[in-house]
Amino acid sequence: MMSFKAGRWLVLAACMATVSVPVMAAETGEPTHAQPALPTAPLTITGANGVAHVFTVEKAMTPREQQVGEMFRPTVPADSGMIFVWPFPRQSDMWMENTLAPLDIVFIGADNRVSSIVENAVPLSLARISSHGPVRATLELQGGITEKLGIVVGDRVESAALATQPPGK
């Protein structure tokens, strides 16, 4: 026969297990919905002509935040985006799975300059979008905004987000 105290602990443990399983599955399974807004930082891209363009970017820092990225969001505002800062310069491969809005993918080199741009990445595509070499960060912006603003390879990128290292690195 179980004591009242022991029975209460078993019920509590069962409730906790029931609550924990969906949370864990949501964190490790395939994304099914947009993630909440992430912490932001200002980011400035300055061209050779001295013209600066300022964005407010969400910082995708954890592996899960990076996996979900801009998925399931219907739009990306013209003055916003998302940055993925890598722990060291590396090849960056992105895709548009479950991403509803076209994006410009801006790859940022170790020198904090734009190293390449892929404009208007196709929504929902599984095609790999590659940096074609090591980069320190990847920036997702509204599709077509780099052409509209004249952002090109070699432009300087400045943001406190670039000084941030992903957790555990």
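Residues numbered from 1 in each chain as written. Predicted model: local features only at pLDDT ≥ 70, side-chain atom pairs only at ≥ 80, totals over all residues. Heavy atoms only, no water.

**Student:** Give a description of the side chain of His-53 that names residues and reports values.
**Tutor:** Residue placement: His-53 occurs in strand β2 (residues 52–60). His-53 gets classed as buried once you look at its relative accessible area, which sits at 15%. Discounting residues that sit within four places of it in the chain, His-53 has contacts with Leu-43, Thr-44, Ile-45, Leu-149 and Ile-151. (Helix = DSSP H or I, 4+ residues; strand = E, 2+ residues; numbered from the N terminus. Buried < 20%, exposed > 50% of the residue type's maximum accessible area, 1.4 Å probe, protein only. Contact = heavy atoms within 4.5 Å.)

**Student:** Any details on the packing of aromatic side chains? Residues and values, ideally.
**Tutor:** Enumeration over the complete set of coordinates arrives at one aromatic pair. On the basis of an interplanar angle of 25° and a centroid distance of 6.1 Å, the ring pair of Phe-84 and Trp-86 is categorised as stacked. Each member of the pair, Phe-84 as well as Trp-86, is classed as buried. Cation over ring: Arg-90 sits above Trp-86, and NZ or CZ is 3.8 Å from the ring centre. (Phe/Tyr/Trp six-rings, centres within 6.5 Å; stacked < 30°, edge-to-face > 60°. Lys NZ or Arg CZ within 6 Å of the ring centre and 35° of its normal.)

**Student:** Tell me about the nonpolar core, and name the residues and values.
**Tutor:** Counting residues in hydrophobic clusters, the biggest one holds 18 residues, and the most contacted among them are Leu-43, Ile-45, Phe-55, Ile-83 and Leu-139. Those elements giving two or more residues to this core turn out to be β1 (40–46), β2, β3 (80–94), β4 (103–108) and β6 (129–142). Residues contacting Phe-55, with those up to four places away along its chain left out, are Ala-41, Pro-42, Leu-43, Ile-45, Ala-78, Asp-79, Ser-80, Leu-141, Ile-145, Leu-149 and Ile-151. Counting 15 residues, the second-largest nonpolar core is a separate cluster that includes Met-82, Phe-84, Ala-101 and Ile-105. (Core = buried A, V, L, I, M, F, W, Y, C linked by side-chain atoms within 4.5 Å.)

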